Amino acid sequence: MPKTLPKRPLRPATLLVRGGTNRSNHDETAEALFLTSGFVYDNAEQAEATFAGTAQHFQYSRFGNPTTAMLEQRLAALEGAEACRLTATGMAAVHAAMLSHLKAGDRVVASRALFGSCHWIVSTLLPRYGIEGVFVDGGDLAQWEAALAKPTALVLLETPSNPMLELVDLPAVAALAHRAGALVVVDNVFATPLLQKPLQLGADVVVYSCTKHMDGQGRVLGGAVLGSKKWVDEVLQPFIRNTGPSISPFNAWVILKGLETLHLRVPAMCRSAAAIAEFLGGRKEVARALYPFAESHPQHALAKRLMTDGGTLVTFDLKGGKEAAFRFCNALQVIDISNNLGDSKSMVTHPATTTHMRIGAEERAKLGITDGTIRLSVGLEDVADLIEDLGAALDAA
Ligand SMILES: *Cc1c(COP(=O)(O)O)cnc(C)c1O
């Protein structure tokens, strides 16, 4: 018999290295990569029993695959969720979580400060299918209360949000949402599963882009949806099985190996991010620097209540608007200009002209994004080199 993990609760670092591992009959050390689309049956009876659900056997990698299953089990154990399903991208995860649950005539309430494509699903895609989308300012409980006074099928929110690192009082919003009959879906990418546990704070479903911190080294795309076994089996899985947003086993394998160092990478990135936020806040060129665990963050107390650390992103406003922001980005020598985040390489984005260009000036103003706003994803380089690079670029701005 292969060894199995003990039944007693294991800590996150152990789960990240060993959770979900399912050795094949070759007893390999590392998780095996089953790069196969299909599976064979010993005989026709086994095929029949598998399709009838009376025998356990992999059928086809659109529905399930041994490598993918290892990652699903590792993520479920880490999150404290009953079940997990993977998708090809983070957006496929958000899309599957929402569309599997919703039908024409339903109503969705979402925080305004969402990842651009999540915003598009609520504002543009859902109305095409007769599903109403209502946006609220995520930090304003009175707006949530007003919007959730009507029956609602689903609430979608992101905390901390992209790019302004705004927080949502998740326990309070979840209570209002449940009274309205809604499923609460939280996009937990910015916090990572290490810093915030949405299911313990009242959420029903958590979604991730595994592309970000979980891979963490900028190689593959992936997404995950986590929730109760009943919802995943009865609502999500039929949708994924029949619409096919499935992850490649290769990408799942890369993410499995990425997770083995998540608990080392994320705290190191948080330490650097906190130091950088303090450095930026003290510079005359910077109007304000936002970091959830900095005392200057307007929702600092809420951040401390929801999260165990401040995260790996810092967002700041340069006083000189777009010209200063572009001069600053172009002067960086270590930090890259990229719209990605959660990578071992530090990256800056100018949201007004990239990730948040399409939403328009009016919506950007509502979110607090100015032409001088820069989002910095802090990586794993030496923080002293990052601060020197940022300092020299501020001089140039
Ligand atoms: C990146 C991201 C997504 C989308 O993930 P992809 O893997 O790029 O599809 C969704 N939400 C947030 C907060 C993200 O940062």
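Residues numbered from 1 in each chain as written. Predicted model: local features only at pLDDT ≥ 70, side-chain atom pairs only at ≥ 80, totals over all residues. Heavy atoms only, no water.

Going by an unreviewed UniProt entry, the chain carries the name O-succinylhomoserine sulfhydrylase and comes from Siccirubricoccus soli. Quoted straight from UniProt, the Sequence similarities (unreviewed entry) entry for the chain says "Belongs to the trans-sulfuration enzymes family. MetZ subfamily." Note on the chain: under the UniProt heading Catalytic activity (unreviewed entry), the record states "O-succinyl-L-homoserine + hydrogen sulfide = L-homocysteine + succinate". (UniProt positions renumbered as here; feature names shortened; annotations may be inferred.)

### Side note on the UniProt feature "modified residue: N6-(pyridoxal phosphate)lysine" (unreviewed entry) in the chain
Annotation from UniProt places "modified residue: N6-(pyridoxal phosphate)lysine" (unreviewed entry) at Lys212. Judged by relative accessible area, Lys212 falls into the buried class, the value being 11%. Those residues in contact with Lys212, other than ones at most four positions away along the chain, are Phe115, Val189, Asn340, Leu341 and Gly342. (Buried < 20%, exposed > 50% of the residue type's maximum accessible area, 1.4 Å probe, protein only. Contact = heavy atoms within 4.5 Å.)

### Here's the deal with the domain arrangement of the chain
Parsing the chain into structural domains produces domain 1 (12-259) and domain 2 (262-396). Together domain 1 and domain 2 conceal approximately 3100 Å² of surface at their shared face, both sides included; 66% is due to carbon and sulfur atoms. Where domain 1 meets domain 2, there are 2 salt bridges. Between Arg305 and Asp169 there is a salt bridge, with the nearest N and O atoms lying 3.4 Å from each other. Our enumeration of links across domain 1 and domain 2 arrives at 14 residue pairs in polar contact (both at pLDDT 80 or more). Put simply, the parts of the chain that give the side of domain 1 that touches domain 2 at least two residues each are helix H1 (12-18), helix H7 (170-179), helix H8 (192-195) and helix H10 (249-259). Within the side of domain 1 that touches domain 2, the residues separate by chemical class into 22 nonpolar, 11 polar and 5 charged. (Domains from an automatic or database assignment. Buried area = accessible area lost by both parts, 1.4 Å probe. Salt bridge = Lys/Arg side-chain N within 4 Å of Asp/Glu carboxyl O. Polar contact = N/O pair within 3.5 Å; in protein donor to acceptor, adjacent residues only side chain to side chain. Helix = DSSP H or I, 4+ residues; strand = E, 2+ residues; numbered from the N terminus. Nonpolar A, V, L, I, M, F, W, Y, C, P; charged D, E, K, R; others polar.)

### Details of the sheet that holds strand S10 (residues 336-337)
Overall, mixed pairing links the 5 strands, which are arranged S8-S9-S12-S11-S10 in an open sheet. With partners counted over all chains shown, the strands left at the sheet margins are strand S8 (286-290) and S10, one partner each. Bridge count for strand S11 (residues 347-349) against strand S12 (residues 373-377) is 3 bridges, and the pairing is antiparallel. Looking at S12, one finds that Val348 is bridged to Leu376. Contacting strand S9 (313-318), S10, S11 and S12, helix H13 (residues 321-331) crosses the sheet at an angle of about 130° to S9. (Pairing = 2+ DSSP bridges. Axes fitted to C-alpha atoms, helices over the stretch in contact; angles between N-to-C directions.)

### Some words on the site of the ligand
Surrounding the ligand, one finds 13 residues, the nearest of these being Gly90, Asp187, Ser209, Thr211 and Lys212. At 2.8 Å, a backbone N or O of Met91 approaches an oxygen atom of the ligand. In the environment of the ligand, an oxygen atom lies 2.6 Å from a nitrogen or oxygen atom belonging to the side chain of Thr211. In the complex, 92% of the free accessible area of the ligand, which totals 380 Å², lies under the protein chains. The residue inventory of the shell around the ligand, partitioned by class, reads 5 nonpolar, 5 polar and 3 charged. (Near = heavy atom within 4 Å. Areas by Shrake-Rupley, 256 points an atom, 1.4 Å probe, with all protein chains shown as cover.)

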